[in-house]
Amino acid sequence: TLERFAQSIFESIIPPGTHRIISDAYRLMLFEEAMETVDLPFYKGLSDHLSRQTIEKCAELLYGLRKDGITAVALSQELQSPDPKSMHGINDVQRIHDLSVILAEYETILARENLLDYPALLSLITETIHKSPDSILDYGIIIMDGFSEFTEPEWLFLDALERSHTPFACFLEYDPAN
């Protein structure tokens, strides 16, 4: 998978011990920690705690946003626009505000602890390859085939591979009907 390939590049170009890749279970725990730390008027309402289902659904939703390249800063900026409903289709400002606060805290925890989920992993190796285009020369020629439907962070990673000094080709099947 592209994720496994990114992990392989991470292991070869990032100094050992500087960052840790987290598992799905650890990611859920970090989202839960973030939700316990911040004020969530919409999700907590009159309760002192969140249900397991709420934590899991919020974590799943927010991780999906991260995988698509949407950050807490981007969410916050959309909320602060003059008319979030008509400009961005945000109907429930309080709910999205709570989600942006959770996401910001999660991103803070990742950065503080040098932890990487898949989007953070892609960001780190993309940045490293841009700074040091020779960093993946050991891979020789990189040929990718069989992938489709890339997210923005994945496209940025592929762009970094293409701009590196390592020969790179990515074969894409294109169907104008799609």
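See above for the structure.
Treat the numbers as computed from the prediction; the structure is a model and nothing was measured.

Draft legend 1. Quick look at the side chain of Arg27. Structurally, the position occupied by Arg27 is in helix 2 (residues 24-37). Residue classification places Arg27 among the buried positions, given a relative accessible area of 15%.

Draft legend 2. Molecular detail of helix 4 (residues 52-67). Look at helix 4: 22 Å from first C-alpha to last across 16 residues, which is about the 22 Å you get at 1.5 Å a residue. Residues of helix 4 that are buried include every one of Ile55, Cys58, Ala59, Leu62, Tyr63, Leu65 and Arg66, and no others. All buried residues of helix 4 fall inside an arc of 155 degrees around its axis, so they share one side. Residues of helix 4 that are exposed and point more than 90 degrees away from the buried face comprise Gln53, Lys57 and Glu60. Contacts made by the buried residues of helix 4 are with helix 2, helix 3 (41-44), helix 5 (72-79), helix 7 (93-113), helix 8 (118-131) and helix 9 (152-163).

Draft legend 3. Local environment of the packing of helix 2 against helix 7. It is the contact of helix 2 with helix 7, at a shortest axis distance of 8 Å, that shows an interaxial angle of 120 degrees. The angle between helix 2 and helix 7 falls in the class oblique. The chirality of how helix 2 crosses helix 7 is right-handed. Residues Arg27, Leu30, Phe31, Glu33, Ala34, Met35 and Thr37 of helix 2 lie in contact with helix 7, whose contacting residues are Ile102, Leu103, Glu105, Tyr106, Ile109, Leu110 and Arg112. By residue class, the composition of the contact of helix 2 with helix 7 is nine nonpolar, one polar and four charged.

Draft legend 4. Molecular detail of the environment of Ser148. Relative to the helices and strands, Ser148 resides in the loop between strand 3 (142-145) and helix 9. Along the chain, Ser148 and Leu172 lie 24 residues apart, while their C-alpha atoms are 7.0 Å from each other.

Draft legend 5. Structural view of the nonpolar core. Counting residues in each nonpolar core, the largest one holds 47 residues, and the members touching the most others are Ile9, Phe31, Ile125, Phe157 and Leu161. Discounting chain neighbours no more than four positions away, the residues touching Phe157 are Leu2, Phe5, Ala6, Ile9, Leu122, Ile125, Thr126 and Ile129.

The rules behind each value
Numbering of residues begins from 1 in every chain and follows the order in which that chain's sequence is written. Whole-chain, interface and lining totals are the exception, using all residues; otherwise, since this is a predicted model, local features are given only for residues with pLDDT of at least 70 and side-chain atom pairs are given and counted only at 80 or more. Water and hydrogen atoms play no part in the side-chain values, which are based on all heavy atoms of the structure. For the purposes of this entry, the term helix denotes a DSSP run of H or I that reaches at least four residues, the term strand denotes a run of E that reaches at least two, and both are numbered from the N terminus. Relative accessible area decides the class of each residue, using a 1.4 Å probe on protein chains only: under 20% of the type maximum gives buried, over 50% gives exposed, and in between gives partly exposed. To estimate how far a helix should extend, the number of its residues minus one is multiplied by 1.5 Å. To obtain the arc, one takes the directions from the helix axis to the C-beta atoms. Contacts are residue-level and defined by heavy atoms, with any inter-residue pair within 4.5 Å sufficient. With axes taken as lines fitted to C-alpha atoms, and helix axes fitted only over the stretch in contact, angles between N-to-C directions fall between 0 and 180 degrees. Note on terminology: angles under 35 degrees are roughly parallel, angles over 145 are roughly antiparallel, angles of 65 to 115 are roughly perpendicular, and the others are oblique. Two helices crossing with the near one rotated counterclockwise from the far one by less than a right angle form a left-handed crossing, whereas a clockwise rotation gives a right-handed crossing. In this count, Pro and Cys sit with the nonpolar residues alongside Ala, Val, Leu, Ile, Met, Phe, Trp and Tyr, while Asp, Glu, Lys and Arg are called charged and the others, Gly among them, polar. Each nonpolar core is a collection of buried residues, namely Ala, Val, Leu, Ile, Met, Phe, Trp, Tyr and Cys, held together in the definition by side-chain atoms within 4.5 Å.

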